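Each chain, written out:
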Amino acid sequence: MLLQGNSTVESEYVLASIKDIDKAIHTPNRNRLTKAEIEEITKLLS
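Residues numbered from 1 in each chain as written. Predicted model: local features only at pLDDT ≥ 70, side-chain atom pairs only at ≥ 80, totals over all residues. Heavy atoms only, no water.

Engineer: Teacher, can you tell me more about the overall build of the chain here?
Structural biologist: Scanning the chain from terminus to terminus reveals two helices and zero strands. Going through the 46 residues of the chain one by one, you find that 2% of them count as buried. Counting every atom, the chain has about 4,700 Å² of accessible surface; 57% of that belongs to carbon and sulfur. (Helix = DSSP H or I, 4+ residues; strand = E, 2+ residues; numbered from the N terminus. Buried < 20%, exposed > 50% of the residue type's maximum accessible area, 1.4 Å probe, protein only. Areas by Shrake-Rupley, 256 points an atom, 1.4 Å probe, with all protein chains shown as cover.)

Here it is as structure tokens:
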């Protein structure tokens, strides 16, 4: 979980609980990243 719930960011886009993470991963019909998008994100985070 993000900083054990101690994030200073208040947003509906912050995954702040295990339930939030589970919902984000297992929600049907969500937009999936392409392999190229995943590779680009990986490069940016490296």
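Engineer: Hey, could you run me through the layout of surface pockets in this one?
Structural biologist: Where empty space is left in the structure can be found by rolling a water-sized probe over the atoms. Its volume calculated, the largest pocket comes out at about 230 Å³. Tallied by class, residues from the lining of the largest pocket come to four nonpolar, one polar and three charged. (1 Å grid on protein atoms, 1.4 Å probe; cavity = no way out; pocket = protein on both sides within 12 Å on 5 of 7 lines; lining within 4 Å. Points joined across faces, edges and corners; volume = space filled by probe spheres on them. Nonpolar A, V, L, I, M, F, W, Y, C, P; charged D, E, K, R; others polar.)

Engineer: How should I be thinking about the pattern of salt bridges in this particular structure?
Structural biologist: A side chain with one charge may pair with a side chain of the opposite charge, provided their charged atoms come close. Considering all chains together, one arrives at one salt bridge under this definition. Among the ionic pairs, Glu40 bridges to Lys43, the shortest N-O distance being 3.6 Å. Residue Glu40 and its partner Lys43 are both found in helix 2 (residues 35-45); the two are separated by three residues, about one turn of the helix. According to the relative accessible area criterion, Glu40 is partly exposed, its value standing at 38%. (Salt bridge = Lys/Arg side-chain N within 4 Å of Asp/Glu carboxyl O.)

Engineer: When you look at a nonpolar patch on the surface in this model, what are you seeing that I'm missing?
Structural biologist: A grouping of Leu33, Ile38, Ile41, Leu44 and Leu45 is seen on the molecular surface, where their side chains present a nonpolar patch of about 540 Å² in accessible area. Tracing the backbone through its elements, the reader meets Leu33 in the loop between helix 1 (18-26) and helix 2. (Patch = residues over 30% accessible without salt bridge, like charges linked within 9 Å, V, L, I, M, F, W, Y side chains within 5 Å.)

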